[in-house]
Amino acid sequence: NIQWHRKYKLPPGPRGIPFFGNMFQMPPYHQGPWAQQMAQKYGEMFTLHIANTPWVFLNTPRAVSDLLEKRSAIYSSRPRFPYASTLMSGDCRVVLQPYGAQWRATRKIMHSILNAKNGGTFAPFQEVESRQLVLDVLRHPEMWWKANQRFANGVVMSVVFGKRSGVVEKSNVDKLFDTSQEFIAALQPGANLVDTFYFLDRLPKALKWWTRRGEDAFERLLNVYGAEVGDLKERMERGTCPPCFASKFLDDPESEKLGETQRLFALGSLMEAGSDTSRMTLSQIVAAAATDRRWVKEAQAALDRVCGVAARLPEFNDRGQLPYLSAVVKEGFRWRPFAEIGMFHTLINDDIYEDYHFPAGTVFTWNAWHIALNPDEYPDPLRFWPERWLDPSIQSIDPGKVEDPLAGHWSFGAGRRVCTGYHVGDSNVWIAAARLLYCFNFEQVAGKEIDTLNMNVAEHRWAPFDVKITARSEAHRRLLERCGGEAVGVTY
Ligand code: HEM
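Draft legend 1. Structural context of the coordination of the iron atom of the ligand. Within the protein, a single donor atom binds the iron atom of the ligand, namely Cys-419 (SG) at 2.3 Å. For Cys-419, the location among the structural elements is in the loop between α15 (368–372) and α16 (422–439).

Given below as structure tokens:
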């Protein structure tokens, strides 16, 4: 221990208790405000000890860029998860895989399919599902959050499996999304003690009460995805499957080398990572629209200039003429980051940075909430202010980068671990936001004002907040019925 302390030096942080460290100080959810307070107290970095693993929070873009980006080759692994990764996922869940050959090979193929050049493969799915979205909101405005969820799940189902979820056998779709929820639940702090207290993993198998549960979850997932891949192969043979991620992935000879389990988990990982993320970002934009009319008026004026008044729905082709809408999407990713304390990146070698010496195995994360709401980075940070991405006199940003999904914020992560689906995610949110804003007005409900700093947008069983949504005019209503209606009968 003394030798360790002589050799290594970590940033300061709150004092913990023996054995558990700071485990009980960090709230189990909505950790952003707490981590923000810590950053205000300790400065550019602070350290927590979760059991005996040090976690370093990076509180400025400078530190995130210096470590997670510029030194990405050694800051891109993940902590061990004996339950959520090994037992439940056969060590094949991309998002938790350690930095190594298997992760790199899977990610390389994912990237080759999900990059911007393939946007044309996915745009038809996003086009249909966003038409259905605006129609669903028109018909049942109080169920906007369900419509939003259906949109996000529907897009990711089509992007991955080339299948419209509205027409897929419902039980398997439910099972697909249930497996995702089960995985997300398993990742919550404290959900499985062995993922924090690694010594438990050394117990004899008979004493590990969680083993059966994890093995069951693993089997279930293989069956659900196996069934979906079987169906996909049949549709490919019949020539009825539109090009999608899975058809390209399974056709790629490189993917054969990954083995069957890794191939199934690659598909599963995309479904898990790609759905809730789009849904939550859209919910944030709805909240922002209801709480601040100023930017909504600008967005609607920009849309009307390009599409005419209640003349036609915005299209992807309009994007170049609608920088304001790209700025809305960027602001949607920045405004209230839902990955409030970022995502864990494990350091694989010892490293020295300025005054500090970090041991291999230290976990790093970017303090997303603090950075996004820091007035030194983003003037008037609580305001949803798309202009900040277009006007360098508000914020130092190159307005030419407004369509670059990664520029100016960390919501898609950092370095080699950055979100593989960011082009799909960004365009999902763009088309849905453009169409919703073109067609609807959003208002708060009297007596049920939205507390935008305390919205639980992760909630998928009920509305995260109340909002009144109405068509902008009778002409918009007619347009919605016509254009939305065209999506209802589409099957593939
Ligand atoms: C719409 C908004 C989205 C947001 C805000 C988002 C955000 C993120 C974040 C923060 C990470 C972790 C990055 C890190 O560790 O540094 C991540 C990882 C990932 N995302 Fe996304 N994501 C979105 C959409 C999508 C979509 C649509 C897909 C797939 C079609 C996707 C696939 C993935 C995958 C596979 C990973 C794991 C990458 C790895 O560990 O190597 N994401 N995403």
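Draft legend 2. Molecular detail of the site of the ligand. Taken together, 24 residues sit near the ligand, with Trp-103, Arg-107, His-345, Arg-417 and Cys-419 positioned nearest. A distance of 2.9 Å is found between an oxygen atom of the ligand and a side-chain nitrogen or oxygen belonging to Trp-103. His-345 is positioned such that a nitrogen or oxygen atom in its side chain is 2.7 Å from an oxygen atom of the ligand. Put simply, the parts of the chain that give the shell around the ligand at least two residues each are α5 (101–114) and α12 (260–291). In terms of residue class, the shell around the ligand is made up of 12 nonpolar, 9 polar and 3 charged.

Draft legend 3. Looking closely at the pattern of salt bridges. Summed over all chains, the structure comprises 36 salt bridges. Salt-bridge contacts for Glu-44 lead to Arg-62; the nearest nitrogen and oxygen are separated by 2.9 Å. Of the two residues, Glu-44 sits in the loop between α2 (32–42) and β1 (45–50) while Arg-62 sits in helix α3 (residues 61–69), which places them 18 residues apart along the sequence. What makes Glu-44 partly exposed here is its relative accessible area of 25%.

Draft legend 4. Expanded view of the packing of helix α14 (residues 323–334) against α16. Two elements in contact, α14 and α16, have axes separated by 9 Å at closest approach and are oriented at 115°. Here α14 runs over α16; the crossing is right-handed. When α14 is examined against α16, the residues Leu-325, Ser-326, Val-328, Val-329 and Phe-333 are found in contact with a partner set consisting of Gly-425, Asp-426, Val-429, Trp-430, Ala-433, Ala-434 and Leu-437. Residue classes in the contact of α14 with α16 are distributed as 9 nonpolar, 2 polar and 1 charged.

The rules behind these values
- Residues numbered from 1 in each chain as written.
- Predicted model: local features only at pLDDT ≥ 70, side-chain atom pairs only at ≥ 80, totals over all residues.
- Heavy atoms only, no water.
- Donors = N, O, S within 2.8 Å, 3.2 Å for Na, K, Ca; no water.
- Helix = DSSP H or I, 4+ residues; strand = E, 2+ residues; numbered from the N terminus.
- Near = heavy atom within 4 Å.
- Polar contact = N/O pair within 3.5 Å; in protein donor to acceptor, adjacent residues only side chain to side chain.
- Nonpolar A, V, L, I, M, F, W, Y, C, P; charged D, E, K, R; others polar.
- Salt bridge = Lys/Arg side-chain N within 4 Å of Asp/Glu carboxyl O.
- Buried < 20%, exposed > 50% of the residue type's maximum accessible area, 1.4 Å probe, protein only.
- Axes fitted to C-alpha atoms, helices over the stretch in contact; angles between N-to-C directions.
- Left-handed = near helix turned anticlockwise from the far one by under 90°.
- Contact = heavy atoms within 4.5 Å.

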